[in-house]
Amino acid sequence: MNSRTTPFDELDRKIITALMANARTSFAEIGTAVGLSATAVKRRVDRLRETGVITGFTATVQPSALGWRTEAYVEVYCEGAAPPRRLAEVVRNHPEITAAMTVTGGADALLHVRATDVDHFEEVLERIRQEPFIRKTISVMVLSHLLPESPEAGATHPAPHPAPGDASDVR
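Residues numbered from 1 in each chain as written. Predicted model: local features only at pLDDT ≥ 70, side-chain atom pairs only at ≥ 80, totals over all residues. Heavy atoms only, no water.

Some points on the overall build of the protein chain
Here comes step 1: Counting secondary structure elements, the protein chain contains five helices and four strands.
Here comes step 2: When the elements of the protein chain are put in sequence order from the N terminus, they spell out α-α-α-β-α-β-β-α-β.
Here comes step 3: Within the protein chain, the proportion of its 171 residues that are buried is 32%.
Here comes step 4: Across the protein chain, contacts joining residues at least 24 apart in sequence account for 69% of those joining residues at least 6 apart. (Helix = DSSP H or I, 4+ residues; strand = E, 2+ residues; numbered from the N terminus. Buried < 20%, exposed > 50% of the residue type's maximum accessible area, 1.4 Å probe, protein only. Contact = heavy atoms within 4.5 Å.)

A word on the sheet that holds strand β2 (residues 97-102)
Here comes step 1: Read from one edge of the open sheet, four strands run β2-β3-β1-β4, paired in antiparallel fashion. Looking at the sheet topology across the chains shown, the edges are occupied by β2 and β4 (134-141). Each neighbouring strand pair of the sheet contributes to a mean axis angle of 20°, computed without reference to strand direction.
Here comes step 2: Across five bridges, the pairing between β2 and strand β3 (residues 109-115) is antiparallel. Paired with Met101 across the bridge in β3 is Leu110.
Here comes step 3: Strand contacts of helix α4 (residues 84-92): β1 (70-78), β2 and β3, with the helix running at about 170° to β2, the strand carrying the most contacts. (Pairing = 2+ DSSP bridges. Axes fitted to C-alpha atoms, helices over the stretch in contact; angles between N-to-C directions.)

Some thoughts on the pairing of β3
Here comes step 1: β3 sits mainly inside the fold: six of its seven residues count as buried.
Here comes step 2: Hairpin connection, β2 to β3: the antiparallel pair is bridged by six residues, and Gly105 has positive phi, about 100°.

Notes on the packing of aromatic side chains
Here comes step 1: Tallied over the full model, the rule gives zero aromatic pairs.
Here comes step 2: Its guanidinium or amino end placed over the ring of Tyr77, Lys136 lies 4.7 Å from that ring's centre, counting from NZ or CZ. (Phe/Tyr/Trp six-rings, centres within 6.5 Å; stacked < 30°, edge-to-face > 60°. Lys NZ or Arg CZ within 6 Å of the ring centre and 35° of its normal.)

Comments concerning the side chain of Asp12
Here comes step 1: As for its position among the elements, Asp12 is in helix α1 (residues 10-21).
Here comes step 2: When its relative accessible area of 1% is taken as the criterion, Asp12 is described as buried.
Here comes step 3: Here Arg44 takes part through its side chain, which lies 2.8 Å from a polar atom of the side chain of Asp12. (Polar contact = N/O pair within 3.5 Å; in protein donor to acceptor, adjacent residues only side chain to side chain.)

Comments concerning the pairing of β1
Here comes step 1: β1 sits mainly inside the fold: seven of its nine residues count as buried.
Here comes step 2: In this structure, β1 lies alongside β3, joined through seven bridges in antiparallel fashion. When the bridges of β3 are listed, Tyr73 appears paired with His112.
Here comes step 3: Both β1 and β4 contribute to a ladder of seven bridges, which runs antiparallel. Residue Ala72 lies in a different strand from β4, and its bridge partner there is Met141.

Remarks on α4
Here comes step 1: Within α4 the residues assigned to the buried category are Leu87, Val90 and Val91. Summarising the axial view, the buried residues of α4 lie within an arc of 95°, below the 170-degree limit, and thus occupy one face. Exposed residues on α4 whose side chains face more than 90 degrees from its buried face are Arg85 and Arg92.
Here comes step 2: Those residues of α4 hidden inside the fold are in contact with β1, β2 and β3. (Arc of directions from axis to C-beta.)

Digging into the confidence of the model for the protein chain
Here comes step 1: When the pLDDT values of the protein chain are averaged, the result is 87; 88% of them are 70 or greater.
Here comes step 2: Considering only residues more than four positions removed or in separate chains, one finds that residues 163-171, a stretch of pLDDT under 50, has five contacts. (pLDDT = per-residue confidence, 0-100.)

Written out as structure tokens, the structure reads:
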């Protein structure tokens, strides 16, 4: 079932808001806040998961704790019309790309890249540029997050382990 056709009421919205604030909140706590029993909240959460409204639960972690110390947004400009499916294939091959989307404007796509350091970022950028249909890239390094609680400020997977003896293998 598609989430666009799924019945979605104000109680569902309150439950989702509570889970987005803290996915570890118990059904009993949510039920108290929204005026339902824990069992009723669980039934609604199960339905929201089955219909694709809730797509998962995750932990947001400080990126530097996982080895990601460099972050950038990369505009990608393609030769001709690169289909989104082809762009998606490319970005899946780079674990450092944490988000990617097609965009309006001059660029064809925008990539959110995390790397262990600037040298690693440069290596990722060179790998991206090797794709035959990519004409150019423009990168913008992130200096700080103005909304540190936003999902973009956190990491969802650890950085790759550096090779033994690599300059970034600092312990």
